[in-house]
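# A closer look at the structure
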Amino acid sequence: MLVDYHIHTRLCKHANGVPEDYVEQAIKKGLIEIGFADHNPMPEDYDPENRMKINQLSEYIDMINRLKNKYSNISVKLGIEVDYFPKYVDYVKKIIDENEFDYVLGSVHFLGSWGIDNEEYIDEFERRDINEVYKEYFNTVKEAAESKIFDVIAHFDVIKKFGYKPENGYVDVAMGALESIKKNDICLEVNTSGLRKEAKEIYPNDEILYKAYELDIPIVLGSDSHDPSEVGWHFDETVKKLKDIGFKGIYRFSGRKKYFSPF
């Protein structure tokens with residue numbers, strides 16, 4: 001009874017294939033539901049190379065809604081991945097409020113002007129104190145959770161994408177963000193795309209997943225697919241891990257209302 005809630009489209013400018021390719025791959029993988037969550041429009045000065053323009057939002061919504069009607073053997077959901085950036089909170093709130101999404105993923109991709117998961121700026125990790133970087137990142141994730149804008153916090157520890165990690169781990173510095181997710185009744189995404197990156201592990205790591213289970217935080221599952229071949233990426237082994245930790249299932253969404261779906 002698995003679903004993949006983190007799928008991108010060509011409108012983000014860095015994904016391959018057409019939406020039907022992703023849906024067909026999900027059907028082959030035996031998924032019962034697929035959710036598209038492409039990068040939200042932002043003002044032109046914010047990362048324009050990696051997202052749709054505001055005048056493409058209606059195209060995106062129409063495209064996914066057509067898929068909802070086209071397929072009867074799999075459920076298709078309309079989501080969106082929204083960047084949390086304090087300067088543009090009102091801008092993204094307006095987009096979310098004016099459209100009928102099934103769910104909204106919240107992501108932190110920037111600390112100030114630094115694109116933390118963009119390989120063009122990877123050298124910045126060498127110039128900064130990694131402990132301070134992680135502290136700033138998780139404080140920003142905590143702000144995102146407390147903003148009450150999002151239904152899900154995506155790739156919780158994506159800051160580790162390129163393999164830069166504090167020597168003594170980071171669960172302690174991440175706990176404030178995790179507790180805010182719990183307090184605000186937000187879901188935590190279990191995102192398998194880290195297995196394709198230098199991090200070589202899912203987001204979040206096992207230690208944080210155990211803490212999430214102890215806090216009874218609801219989870220969703222996503223592959224962060226930018227190519228049809230990535231749909232359901234390593235879901236079988238990830239679900240086994242989640243079961244071993246103690247999770248009984250994941251959450252699904254409709255009209256921004258979540259409900260439990262057992263494994």
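Shown above is the structure to which this text applies.
Predicted, not measured: the structure shown is a model, and the values here were computed from it. (Residues numbered from 1 in each chain as written. Predicted model: local features only at pLDDT ≥ 70, side-chain atom pairs only at ≥ 80, totals over all residues. Heavy atoms only, no water.)

## Describing the overall build of the chain
For clarity, the threshold we go by: Secondary structure elements follow DSSP: runs of H or I no shorter than four residues count as helices, runs of E no shorter than two count as strands, and numbering proceeds from the N terminus. Atoms counted for the radius of gyration: C-alpha only. Globule rule: 2.2 Å times the number of residues to the power 0.38. The buried label applies to any residue whose accessible area, calculated with a 1.4 Å probe on protein chains only, is under 20% of its type's maximum; exposed applies above 50%, and partly exposed to all values in between. We call two residues in contact when some of their heavy atoms are within 4.5 Å. In short, Shrake-Rupley with a 1.4 Å probe defines the accessible areas, and a residue's cover is counted only from the protein chains shown.
Scanning the chain from N- to C-terminus turns up eight helices and eleven strands. On C-alpha atoms alone, the chain measures out to a radius of gyration of 17 Å, which is about the 18 Å that the 2.2 N^0.38 rule sets for 263 residues. Counting all 263 residues of the chain, 57% fall into the buried class. Sequence-distant contacts, at least 24 apart, represent 76% of the contacts inside the chain between residues at least 6 apart. About 11600 Å² of surface is accessible on the chain, with carbon and sulfur atoms providing 44% of the total.

## Looking at the sheet that holds strand 3 (residues 75-83)
This is how the line gets drawn: Pairing between two strands is assigned when DSSP locates at least 2 bridges connecting them. The angle between two axes is taken between their N-to-C directions and runs from 0 to 180 degrees, where each axis is a line fitted to C-alpha atoms and a helix contributes only its stretch in contact.
Read from one edge to the other, the open sheet built from seven strands follows the order 1-2-3-4-7-8-9, with strand pairing classed as parallel. Sheet topology places strand 1 (3-7) and strand 9 (219-222) at the edges, where each strand pairs with a single neighbour. When strand 4 (residues 103-107) meets strand 7 (residues 152-153), the two strands line up parallel, connected through two bridges. Opposite Gly106, over in strand 7, you have Ile153 as the bridge partner. Along the sheet, helix 1 (residues 19-28) makes contact with strand 1, strand 2 (33-39) and strand 3, crossing strand 2 at roughly 145°.

## A short note on the side chain of Thr140
Topologically, Thr140 is positioned in helix 5 (residues 130-146). Judged by its relative accessible area of 12%, Thr140 is buried. When neighbours within four sequence positions are excluded, Thr140 is seen to be in contact with Tyr84, Val108 and Leu111.

## Considerations on unusual backbone geometry
Cis rather than trans, the peptide bond between Tyr203 and Pro204 has omega equal to -5°. In this structure, His155 is a non-glycine residue whose phi angle is positive, near 25°. If you trace the backbone, His155 turns up in the loop between strand 7 and helix 6 (171-183). For His155, a relative accessible area of 2% gives the class buried. At Asp185, a position not held by glycine, the phi torsion is positive, near 55°. In this structure, Asp185 sits in the loop between helix 6 and strand 8 (187-191).

## Section: the environment of Val141
Along the polypeptide, Val141 turns up in helix 5. Under the relative-accessibility criterion, Val141 is labelled buried at 2%.

## Structural notes on the nonpolar core
This is how it is decided: Residues belong to a common nonpolar core when they are buried Ala, Val, Leu, Ile, Met, Phe, Trp, Tyr or Cys residues joined through side-chain atoms within 4.5 Å.
One finds Ile34, Phe36, Tyr60, Tyr137, Phe138 and Phe156 to be the most contacted residues of the largest nonpolar core, which totals 91 residues. Per-element accounting of this core gives the leading share, eight residues, to helix 5. Every residue in contact with Tyr137, bar those within four places of it in the chain, is listed here: Val108, Leu111, Ile116, His155, Phe156, Asp157, Val158 and Ile159.

## Considerations on a negative patch on the surface
We apply this condition: Note that patches include only residues with greater than 30% relative accessible area and no salt bridge, and the join distances are 9 Å for like charges and 5 Å for nonpolar side chains (Val, Leu, Ile, Met, Phe, Trp, Tyr). Any Lys or Arg side-chain nitrogen located within 4 Å of an Asp or Glu carboxyl oxygen qualifies as a salt bridge. Neither His nor the chain ends contribute to the count of charged residues, in which Lys and Arg are positive and Asp and Glu negative. All charge positions are set by atom: Lys at NZ, Arg at CZ, Asp at CG, Glu at CD.
Where like charges cluster on the molecular surface, the negative patch consists of Glu49, Glu119, Glu120 and Glu198. Among the structural elements, Glu198 can be located in the loop between strand 8 and helix 7 (206-214). With relative accessibility at 48%, the residue Glu198 sits in the partly exposed group.

## Considering the pattern of salt bridges
Taken as a whole and judged by the stated rule, the model has 20 salt bridges. The salt bridge involving Lys135 is made with Glu132; its shortest N-O contact spans 3.6 Å. Of this pair, Lys135 and Glu132 both sit in helix 5, three residues apart, which is roughly one turn of the helix. Asp185 serves as the salt-bridge partner of Lys258, at 2.9 Å between the closest nitrogen and oxygen. With Lys258 in strand 11 (residues 257-262) and Asp185 in the loop between helix 6 and strand 8, this residue pair connects regions lying 73 residues apart in the sequence. Salt bridges linked by common partners bring Asp157, Lys160, Lys165 and Glu201 together as one network.

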